[in-house]
Amino acid sequence: MRNTFPEKTSTHGPIARVVRFLGLPIAIPLALLLAGIAGGLLLGNGVYIGLFVAGVTLSPIALTLRGIGKSLHILPPAVQRDLEQNGSLAPARIERLSATGTTINEARVAELELIVVPRDRGAYRTTTRQLIPVLQAPAFQPGNTVVVRQSPAYPGVVKVEENPNVALPGAPLEVGVVGETYSGRPDENADRGRARWPMIAGMAVVLAAALLLPIREDVIAGITTPDLLASDELSRGVARMSEAAGNQAELLSFDSDALRAQTPRGWVGYRGGSAELNTDAEAKADPDRLFDMRRLNLAAVPGLIRTARTKLALEENTPVTVSVSRDPGKPVELRISEADNARSGTLYAAADGTAGVIADATTAEGAREVFGALTARMGATKVFDARISRDSVELTAPTRPGADTADDFSWHSGRLPEREPASIQPDEGAPTFDLATFDPAVLPGLVTELAKRSGEPEKAREATFTLELQDGELGLHASVNGDYRSTRLTAKPDGSGVRVVSERN
């Protein structure tokens, strides 16, 4: 008959099961080590130096204890629960005892080869490991009988009872024929240690990330290489530089992986999540050129860069650089250009992100775009005269509607519209005309005609066309001065009435 004995109560509560399942005894020390390396050694945060020390101290201890557990063949929690809750007791005879080389508190870990003789089935051979105190060593000599608890779910898995020599009721031990031979370990245990490591490593990374949450911005910048021109890292970098050197700067420049600013306190740079002020450099910031870095619309920079790539015909992976400065008495200006080739052109923009116009003003589309930007700056469309060339447009317009004084509103090579008092003021009562009545579609044909009649195609493309009132009539005129002759073209604003006069120089 099968022997029955009182069942043991499981000592593995739900919390203990979760702790073992997640591998926390090893994952926690490893998480401390990882967080300490990232936050303390890489980012220089003093608090995380302590975590690094704790991780360095505890990780070897945890790994050593794990190694000891493996040397004892400590069974997985599920197997131990099965033994404690469903296992049956059986006598076993020690056939062989061999040392493993592991000693814990002067007790030796030995591997036992046993022949187990259940009362309800034939004898079988198996192995197990046992921690044997010095005083109990005689009880574990080959030939002795011990009591083991055997698992019904995992054949061959046994565990020597705490009082191994307590006799079981029934007939004396008779081995008889030995049947099966088992390894003494659960079938799934062969790769269990390797299978557990991915979970332990993953849990360590998760815990380390949680520990780094207080400095998450530094961590993200420190372990990645974010594109400063296309992410929130740009705003974060400028904020860090402001903390280090103040908000005022004379020059701010940045590219995809670094920011730099010249401030009254010296040069300050930002890279990899941290800002550094160089106070050794002599501060020569001009007070008339200072601007507040906080007033820049940095969120507009990625869109401005996309516009610059389109307008300047740059490929997607072409590096670009952005610089910010202010001339005395003028607004702050952003400049976006190809990093390694300044000749490719520049896109200018205002501090609020408004982009300047890049166009050929002697084309219909380009002229309309430039006129739109200038009249928006003027707040009106009435002008005294207009001067139009490929890369420059100047409008002389009333200082305010109905005024006799005039200002010049100008656009040059993609820059933002500028305004300043006209160098030559109009006569009192001088008439104005509405720029909206002029159709710039006539300009390309006039450029072609001027090039053909002058024989100077390059100079014709650079010619300036003046649109003004003469004797009450609006007209256009332009001229080209060659080496041997000068050519003057006049026409009506609709492109008709073209007249070309050439004179020998």
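Residues numbered from 1 in each chain as written. Predicted model: local features only at pLDDT ≥ 70, side-chain atom pairs only at ≥ 80, totals over all residues. Heavy atoms only, no water.

> Requested: an account of the overall build of the protein, with residues and values cited.
Summing up its helical and strand segments, the protein has 11 helices and 25 strands in all. Per-residue burial over the protein gives 41% buried out of 505 residues. (Helix = DSSP H or I, 4+ residues; strand = E, 2+ residues; numbered from the N terminus. Buried < 20%, exposed > 50% of the residue type's maximum accessible area, 1.4 Å probe, protein only.)

> Please give an account of the packing of aromatic side chains that cites residues and values.
Per the stated rule, a full pass over the model turns up 2 aromatic pairs. Between the aromatic rings of phenylalanine 371 and phenylalanine 438, the centroid separation amounts to 6.4 Å while the plane-to-plane angle is 50°, which identifies the pairing as tilted. Residue phenylalanine 371 is located in helix α9 (residues 364-378), and its partner phenylalanine 438 is located in the loop between β21 (433-434) and α10 (443-454); the two are separated by 67 residues in the primary sequence. Side by side, phenylalanine 371 and phenylalanine 438 carry an identical accessibility label, which is buried. (Phe/Tyr/Trp six-rings, centres within 6.5 Å; stacked < 30°, edge-to-face > 60°.)

> Requested: an account of a nonpolar patch on the surface, with residues and values cited.
A contiguous nonpolar patch, built from Ile37, Leu41, Ile49 and Val53 and spanning about 310 Å² of accessible area, is present on the exposed surface. Of all the elements in the fold, those that place two or more residues in the nonpolar patch are α2 (24-42) and α3 (46-71). Mapped onto the fold, isoleucine 37 is located in helix α2. (Patch = residues over 30% accessible without salt bridge, like charges linked within 9 Å, V, L, I, M, F, W, Y side chains within 5 Å. Areas by Shrake-Rupley, 256 points an atom, 1.4 Å probe, with all protein chains shown as cover. Salt bridge = Lys/Arg side-chain N within 4 Å of Asp/Glu carboxyl O.)

> Which residues make up the nonpolar core, and what values do they have?
Among the nonpolar cores identified, the biggest contains 35 residues, and Val393, Leu395, Leu435, Phe438, Leu450, Phe465 and Leu467 are the most heavily contacted of them. Elements with a minimum of two residues in this core: α9, β17 (385-389), β18 (392-398), β19 (406-412), α10, β22 (465-470), β23 (473-481) and β24 (485-491). Filtering out sequence-adjacent residues up to four positions away, leucine 450 remains in contact with Ala460, Ala463, Phe465, Ala478, Val480, Thr487 and Leu489. By size, the runner-up hydrophobic cluster in this structure holds 33 residues, among which are Leu234, Met241, Ala300 and Leu314. (Core = buried A, V, L, I, M, F, W, Y, C linked by side-chain atoms within 4.5 Å. Contact = heavy atoms within 4.5 Å.)

> Please give an account of the pairing of strand β15 (residues 346-350) that cites residues and values.
Of all 5 residues in β15, 4 are buried; the element is thus mostly enclosed. Direction of pairing for strand β14 (residues 332-338) relative to β15: antiparallel, over a ladder of 5 bridges. Paired with leucine 334 across the strands is alanine 349, a residue of β15. (Pairing = 2+ DSSP bridges.)

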